[in-house]
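Residue strings, one per chain:
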Protein chains: 2
Amino acid sequence: MSDYIPVHGQRPRRVTARMVAEAAGVSRSAVSRAFTDGAYLDDKKRTKIREVAAILGYKPNALAAGLQGGRSHLVAIFVGDMRSPYDTAFVGQLVGELNALNKWPILIDGGGQRAATAIEDVLRYPLDALILRGGSMSADIVSQCTKYAIPMISSGRPIEAPDVDNVCCRHSDGTKEMTETLIRQGRTRFGFLAGPADFYSSAIRKGGVLEALKAAGLSLVAESLGDYTVAGGHSSAKQLLSSHAIDALICANDAMAIGALTAAREMGLAVPKDLSVVGFDDISMASWPMFDLTTVRNPIDASVTEILNLLERRLATPGKQSETVFIDTQLVLRATH
Amino acid sequence: MSDYIPVHGQRPRRVTARMVAEAAGVSRSAVSRAFTDGAYLDDKKRTKIREVAAILGYKPNALAAGLQGGRSHLVAIFVGDMRSPYDTAFVGQLVGELNALNKWPILIDGGGQRAATAIEDVLRYPLDALILRGGSMSADIVSQCTKYAIPMISSGRPIEAPDVDNVCCRHSDGTKEMTETLIRQGRTRFGFLAGPADFYSSAIRKGGVLEALKAAGLSLVAESLGDYTVAGGHSSAKQLLSSHAIDALICANDAMAIGALTAAREMGLAVPKDLSVVGFDDISMASWPMFDLTTVRNPIDASVTEILNLLERRLATPGKQSETVFIDTQLVLRATH
DNA sequence: CGGCTAGGTGAACACGTGTGCACACCGTGC
DNA sequence: GCACGGTGTGCACACGTGTTCACCTAGCCG
């Protein structure tokens, strides 16, 4: 295995370029050049140095290199809710893509009480960028990032500030299209299961529903407030369905729709015959056989791709104008409409 | 908002201690001392410097500080499968706790093709520790970490190597206890829905089942291979149930159990009357009203706490002996047994 | 009033790397 | 033989911080 013999109490230091230089009988500069592409260095010398480095287990220290004024390759991701299936899947995808680009994502749980101080502390690192996925951030932090010239890219909650780019799903187009489909299908008495009052996504998704209803001369029959979770959707839907006679329930996200679907079935309602239940996001559970939920896809792949594009563009042109990229939704017609 | 005026093409540099020193009319050393606790510095001077720093938006650069030989406060988390609900919840909890301890987790998606090179690249940063959640890592990398004196803590797949600590759930005790409970309940014809062949957790969980069956003079009636996903569990269970008459199906994890539960219901089997279906992990979905799954809890809180304990102990005593901490499971008796 | 202590301060160094600059070497063309 | 251009290479600096070391001042005691 390893030939390293631990010395009690004194932990071995990291191998530095100097040690490699001494071992290989060259100057420290040569070692540095051996690891930088396009530097003048004799080919034989380069391979020699690399061999010695491999034996000693040397890697250039990224911290010291980052000090040089270039990029640190560190990217912070501020996650609104680490427990939400959508955010989790989103972050998983984003992390994988960043890894592939040699960017190293530092995660910050935006849900905890310490979120504000955590983001404050992580700003001590010279980050290449800060990516926001859902959740909200104080204007202070935003302006601080601007001062540090740290590019910010927000997804899920648009931020209007200089040097902040946004990736935004066309929420209202999605729910509007879905509502139109349900109307065309003959549904007339609509209910809406909303998310928390201060969630941007819930409000704008509702807007699309109202727009479509108004155009058809209809209006919302019932509305209830949920918390974007399955359990919350279950109890909210139970209450709503027992007090109002509706034939279509549009939920602000999939998690609540899954809860609502279960509640409807428990109450003896046939879905989709008596009632259509639809969600938003198309999380992986929506396609599970026991749900087979009709929903509006909020595409993760496209959003992540656009985030990386925006990041690249801003790193190339730091002073550029803020951009907002819109992502088209897709109707996913399964078995509950 | 901010008084920062972008200069086209020339991005503003980060504020350094020197700039603060000049602005406040003190030495650079004084600025450094103003931000380190317990350093000799006149109180009035300290508050003055901090005020100026706040106005300029100065924060000590963590990269430069990390170069000093102390800790970098960076911790890498290698995640076996970013799409698995259990791993995702685990990592979410871990990230939150690390944030609270002022440790900054760099995530690496261990699922992708690039996982091996990614971990190799991230080792260029002087990490305080490397935490493994599931997935497997080459012996090369492990010995490399040892050489660098980077503490490694593995959860979900024990690694036997010097300087590697393990947090390990008592898998077989959990499934053994569960099997005993089912036997006591009168079940006699057992099936097992296994995970991928090379998964440590699946094999050892099966071991507990076999142990309990043997003690009761029973044996496994049927077994099928799944892939630890809901869809996989659904199809594997369908096949297994249509070819074997069993009254208890033990699944290697919850995701497959949820799939199996759905398959059983689709096939007209009454759960738990005709068939009991149980899982392992107690992921959040297990408690959803439509499943209400009986399962063995693989406690995330306790595991994460122990990881942090081990981390603290190893940072305090770098040369210490490897430790393995075992985590007790808990039977969660819901509605499917 | 002299010596001593304790608190306060700035210069200087160390951390590990990338790179500009000057210089050495070598082959070629005149 | 000499000028010249191209290739290698080492020295030295820069990056931004924490910390040691020497020094200074003020205050107190004898």
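Residues numbered from 1 in each chain as written. Chains lettered and ligands numbered in written order. Predicted model: local features only at pLDDT ≥ 70, side-chain atom pairs only at ≥ 80, totals over all residues. Heavy atoms only, no water.

### Topic: the protein's contact with DNA strand D
Then, number 1: As a structural note, the neighbourhood of DNA strand D is formed by 24 residues, with S27 and R33 of chain A together with A17, R28 and S32 of chain B the closest of them.
Then, number 2: Protein-adjacent atoms of DNA strand D, using a 4 Å cutoff, are sugar or phosphate at a proportion of 50%.
Then, number 3: Within the contact set of DNA strand D, a phosphate oxygen lies 2.6 Å away from a backbone nitrogen or oxygen of A17 of chain B.
Then, number 4: Residue Y58 of chain B places a side-chain N or O atom 3.0 Å away from a phosphate oxygen belonging to DNA strand D.
Then, number 5: Elements with a minimum of two residues in the surface near DNA strand D: α2 (28-34) of chain A together with α2 (28-34) and α4 (62-66) of chain B.
Then, number 6: With four residues, the single largest contributor to the surface near DNA strand D is α2 of chain B. (Near = heavy atom within 4 Å. Polar contact = N/O pair within 3.5 Å; in protein donor to acceptor, adjacent residues only side chain to side chain. Helix = DSSP H or I, 4+ residues; strand = E, 2+ residues; numbered from the N terminus.)

### What to know about the protein's contact with DNA strand C
Then, number 1: Within the structure, DNA strand C sits among 24 residues, and A17, R28 and S32 of chain A together with S27 and R33 of chain B are positioned closest to it.
Then, number 2: When the atoms of DNA strand C within 4 Å of the protein are sorted by group, sugar and phosphate make up 53%.
Then, number 3: Here a phosphate oxygen of DNA strand C and a backbone polar atom of A17 of chain A are 2.6 Å apart.
Then, number 4: Backbone polar atom of D42 of chain B to a phosphate oxygen of DNA strand C: 3.2 Å apart, as the coordinates give it.
Then, number 5: Ranked by residues supplied to the surface near DNA strand C, first place goes to α2 of chain A with four residues.
Then, number 6: Of the residues assigned to the surface near DNA strand C, the class counts are eight nonpolar, eight polar and eight charged. (Nonpolar A, V, L, I, M, F, W, Y, C, P; charged D, E, K, R; others polar.)

### Considering the interface of chain A and chain B
Then, number 1: Contacts between the two partners involve 67 residues from chain A, matched on the other side by 67 residues from chain B.
Then, number 2: Together chain A and chain B conceal approximately 6,600 Å² of surface at their shared face, both sides included; 66% is due to carbon and sulfur atoms.
Then, number 3: Summed over the three residues of chain A that lose the most area to chain B, namely K59, L63 and W104 of chain A, the buried surface amounts to 11% of that side.
Then, number 4: If you look at where chain A meets chain B, you find two salt bridges.
Then, number 5: For the salt bridge of E120 of chain A with K59 of chain B, the shortest nitrogen-to-oxygen distance reads 3.4 Å.
Then, number 6: Scanning the region where chain A abuts chain B turns up 20 residue pairs in polar contact (both at pLDDT 80 or more).
Then, number 7: When residues of the side of chain A that touches chain B are traced back to their parent elements, those giving at least two are α3 (43-56), α4 (62-66), α5 (85-100), β2 (104-109), α6 (115-122), α7 (139-148), α10 (230-243) and α11 (254-266) of chain A.
Then, number 8: Across the side of chain A that touches chain B, the residue classes tally to 35 nonpolar, 18 polar and 14 charged. (Contact = heavy atoms within 4.5 Å. Buried area = accessible area lost by both parts, 1.4 Å probe. Salt bridge = Lys/Arg side-chain N within 4 Å of Asp/Glu carboxyl O.)

### Remarks on the pairing of strand β11 (residues 324-327) of chain A
Residue and element names in this part refer to chain A.
Then, number 1: Where burial is concerned, the two faces of β11 differ: the one with V325 and I327 is buried and the one with T324 and F326 is not.
Then, number 2: Where strand β5 (residues 164-169) meets β11, four bridges bridge the pair, whose relative direction is parallel. Bridged to N166 within β11 is T324. (Buried < 20%, exposed > 50% of the residue type's maximum accessible area, 1.4 Å probe, protein only. Pairing = 2+ DSSP bridges.)

### Topic: the sheet that holds strand β7 (residues 220-225) of chain B
Residue and element names in this part refer to chain B.
Then, number 1: The strand order across the open sheet built from six strands is β7-β6-β8-β9-β10-β12, with neighbouring strands paired in mixed fashion. The sheet is open, and its two edges are formed by β7 and β12 (330-332), each paired on a single side. Neighbouring strand axes in the sheet, compared pairwise and without regard to direction, differ in orientation by 20 degrees on average.
Then, number 2: In this sheet, β7 lies alongside strand β6 (residues 190-194) in parallel orientation, the contact comprising five bridges. When the sheet's bridge partners are listed, G191 is paired in β7 with A222.
Then, number 3: Packed onto the sheet, helix α9 (residues 200-215) meets β6, β7, β8 (248-251) and β9 (276-281) and runs at close to 170 degrees relative to β6. (Axes fitted to C-alpha atoms, helices over the stretch in contact; angles between N-to-C directions.)

### A closer look at the UniProt feature "domain: HTH lacI-type" (unreviewed entry) in chain A
Then, number 1: Sites flagged by UniProt as "domain: HTH lacI-type" (unreviewed entry) map to residues 15-69 of chain A.
Then, number 2: Across residues 15-69 of chain A one finds 62% helix and 0% strand; the C-alpha atoms that close the span lie 23 Å apart. (UniProt positions renumbered as here; feature names shortened; annotations may be inferred.)

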